[in-house]
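In case you want the letters, here they are:
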Amino acid sequence: MELGEKLLPAFNTPTGIPRGVINLGSGTSWSWGWASAGSSILAEFGTLHLEFVHLTELSNNPVFKEKVMSIRKLLNKIEKPHGLYPNFLSPVSGNWVQHHVSIGGLGDSFYEYLIKSYLMSDKTDEEANKMYYSALEAIEANLVQKSPGGLTYMAEWRGGILDHKMGHLACFSGGMIGIGADDGAPEKRQHYLDLAAEITHTCHESYTRTTTRLGPEAFRFDSGAEATATRLSDRYYILRPEVIESYMYMWRLTHDPKYRDWGWEAVEALEQHCRVESGFSGIRDVYTMTASHDNMQQSFFLSETLKYLYLLFSDDDLLSLEDWVFNTEAHPLPIIRKSCLQDEVTEEKTVSE
């Protein structure tokens, strides 16, 4: 509660879109220096919904939910190029700042939080459902591509020009499309499940096409390359969880044993190339067997990579997807059943009588 309250001043902007950085002591907030024209970033202001709604549920203080609902209201209202959500938005004018669209870094978890808001609301948040499927349709129409070798991937969109690159971060989308498949239009359910499987397969290919069997930070589909990092600066692996996250969701949804096999390949590769004396380290080049560690164990390695691996090999009733929604860092939040709340009210009424 205290932390939630300390974050509130960041929302004091003309549009209600929060700025990216806040000093918790003074309450002063500002935008990242590198974000173009003082803009806020889609994946940052779009990835507050689950936590803030949950804070309102825990505290009965509506302010947290109101803040995130006003973000959604603005996003619903403004014009979207081809139905897509660019990554940069001005918290002052409420206009998009650049037309760069990505399902990877800068954009990713905004989309994830739309479908997860719907699931966490016990499927009552129809607005989230509608926004998610409209966004997914726009993504399919504009970003989803098939390579000459038959791999389905998500390109990035820069003002109408496609950049045939997919980041490791975008590999979470296999799992996202999978968990949302059931709530789409009935005639599209199988289509979404197939799309989720195809993207997860592509991300697995980005791992198997390296020497270490660990995936690069970004991989490309141009100049004859497929699911391969063609730039030296994209060849590193920093213990990221997104590919394994999609394996876990796809396993829970389909129980196809290949997802556990793929997860086990990752476990063996992590043990072989990333384990060091005092933990695990990222590596600088996934295409060489000569280990060059970056001497860094990222926090998401424990909170996500290992947790998703653990869940992949656990029974489905451990943190069942029927009862829990994972936020973007894999922290479980409970699905609050409206029927339970109803029972509680009835119970309280009976007790007071």
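Bear in mind the structure is a predicted one, so any value in this text is a computation, not a measurement.

1. As for the overall build of the chain
- Assigned secondary structure in the chain consists of twelve helices and 16 strands.
- Radius of gyration (C-alpha) of the chain: 21 Å, near the 20 Å computed for a compact globule of 353 residues.
- Oriented by its inertia axes, the alpha-carbon framework of the chain measures out at about 70 × 50 × 50 Å.
- In the chain, buried positions account for 54% of the 353 residues.

2. Overview of the confidence of the model for the chain
- The predicted model of the chain averages 96 in pLDDT, with 97% of residues at 70 or higher.
- Mean pLDDT values for the elements of the chain range from 70 in helix H12 (residues 338-352) up to 99 in helix H9 (residues 242-254).

3. Considering the side chain of Ser109
- Looking at the secondary structure, you find Ser109 in helix H5 (residues 108-120).
- Filtering out sequence-adjacent residues up to four positions away, Ser109 remains in contact with Ala43, Gly46, Thr47 and Thr328.

4. Overview of the pattern of salt bridges
- One pass over the full model with this rule turns up 16 salt bridges.
- The closest approach of N and O atoms between Lys123 and Asp183, which form a salt bridge, is 3.0 Å. With a gap of 60 residues between them, Lys123 in the loop between H5 and helix H6 (126-142) and Asp183 in the loop between helix H7 (173-180) and helix H8 (189-208) connect regions that are remote in the sequence.
- Residue class for Asp183 comes out buried when judged on its relative accessible area of 16%.
- Arg240 is the partner of Glu217 in a salt bridge, and the nearest nitrogen-oxygen pair spans 2.9 Å. Of the two residues, Glu217 sits in the loop between H8 and strand E12 (218-220) while Arg240 sits in the loop between E12 and H9, which places them 23 residues apart along the sequence. As far as burial versus exposure is concerned, Glu217 and Arg240 are alike and both buried.

5. Examining the sheet that holds strand E10 (residues 161-163)
- One open sheet holds the three strands; their spatial order is E6-E9-E10, and the pairing between them is antiparallel. The two strands at the open ends of the sheet, each matched to only one other strand, are strand E6 (100-101) and E10.
- The pairing of strand E9 (residues 156-158) with E10 spans three bridges and is antiparallel. Directly across from Arg158, in E10, lies its bridge partner Ile161.

6. Some thoughts on the packing of aromatic side chains
- Inspection of every chain in the model, using the stated rule, returns 18 aromatic pairs.
- Ring geometry for Phe110 versus Tyr111: centroids 5.1 Å apart, planes at 70°, classification edge-to-face.
- Under the relative-accessibility criterion, Phe110 is labelled buried at 4%.
- Ring centres of Tyr153 and Phe221 lie 3.8 Å apart, and the angle between their planes is 5°; on these two criteria the pair is classed as stacked. With Tyr153 in strand E8 (residues 152-154) and Phe221 in the loop between E12 and H9, this pair connects stretches of sequence that are 68 residues apart. We note that Tyr153, like Phe221, is buried.
- Among the aromatic residues, ring-to-ring pairing joins Tyr85, Trp96, Phe110 and Tyr111 into one connected group.

7. Some points on the sheet that holds strand E5 (residues 96-98)
- With antiparallel pairing, three strands are arranged side by side in an open sheet as E3-E4-E5. Each having just a single partner strand, strand E3 (40-41) and E5 make up the two edges of the open sheet.
- Both E3 and strand E4 (residues 88-89) contribute to a ladder of two bridges, which runs antiparallel. Residue pairing for E4: Ser40 is matched across the bridge by Leu89.

8. Some remarks on helix H11 (residues 299-312)
- Here H11 contains 14 residues, and its C-alpha end-to-end distance of 20 Å stays within 8% of the 20 Å for a straight helix at 1.5 Å per residue.
- Within the span of H11, buried status applies to Phe300, Phe301, Ser303, Glu304, Thr305, Tyr308, Leu309, Leu311 and Leu312.
- Tucked into the core, H11 has its buried residues touching H9, helix H10 (258-273), strand E14 (279-280) and strand E15 (324-326).

9. Points about the nonpolar core
- Counting 94 residues, the largest nonpolar core has Leu75, Tyr111, Met166 and Ile177 as the members making the most contacts within it.
- In this view, Ile177 contacts Tyr132, Leu136, Met154, Tyr192, Leu195, Ala196 and Ile199; residues no more than four positions away in its chain are not counted.

10. Details of the packing of helix H3 (residues 49-59) against H5
- Two numbers describe how H3 lies on H5: the axes approach to 9 Å, and their chain directions differ by 30°. As judged from the angle between their axes, H3 and H5 are roughly parallel. In this structure, H3 uses His49, Leu50, Glu51, Val53 and His54 to contact H5, whose residues at the interface are Tyr113, Lys116, Ser117 and Met120.
- Per-class residue counts for the contact of H3 with H5 are four nonpolar, three polar and two charged.

11. Considering H5
- In a regular helix each residue adds 1.5 Å, so 13 residues correspond to 18 Å; H5 covers 18 Å between its end C-alpha atoms and thus fits that length.
- The element H5 is largely enclosed, with a buried count of 13 among its 13 residues.
- Directly after H5, the chain includes Asp122, whose backbone phi takes a positive value near 60°.

Quick notes on the rules
- Residues numbered from 1 in each chain as written.
- Predicted model: local features only at pLDDT ≥ 70, side-chain atom pairs only at ≥ 80, totals over all residues.
- Heavy atoms only, no water.
- Helix = DSSP H or I, 4+ residues; strand = E, 2+ residues; numbered from the N terminus.
- Rg over C-alpha atoms; globule rule 2.2 N^0.38 Å.
- Buried < 20%, exposed > 50% of the residue type's maximum accessible area, 1.4 Å probe, protein only.
- pLDDT = per-residue confidence, 0-100.
- Contact = heavy atoms within 4.5 Å.
- Salt bridge = Lys/Arg side-chain N within 4 Å of Asp/Glu carboxyl O.
- Pairing = 2+ DSSP bridges.
- Phe/Tyr/Trp six-rings, centres within 6.5 Å; stacked < 30°, edge-to-face > 60°.
- Expected span 1.5 Å × (residues − 1).
- Core = buried A, V, L, I, M, F, W, Y, C linked by side-chain atoms within 4.5 Å.
- Axes fitted to C-alpha atoms, helices over the stretch in contact; angles between N-to-C directions.
- Parallel < 35°, antiparallel > 145°, perpendicular 65-115°, else oblique.
- Nonpolar A, V, L, I, M, F, W, Y, C, P; charged D, E, K, R; others polar.

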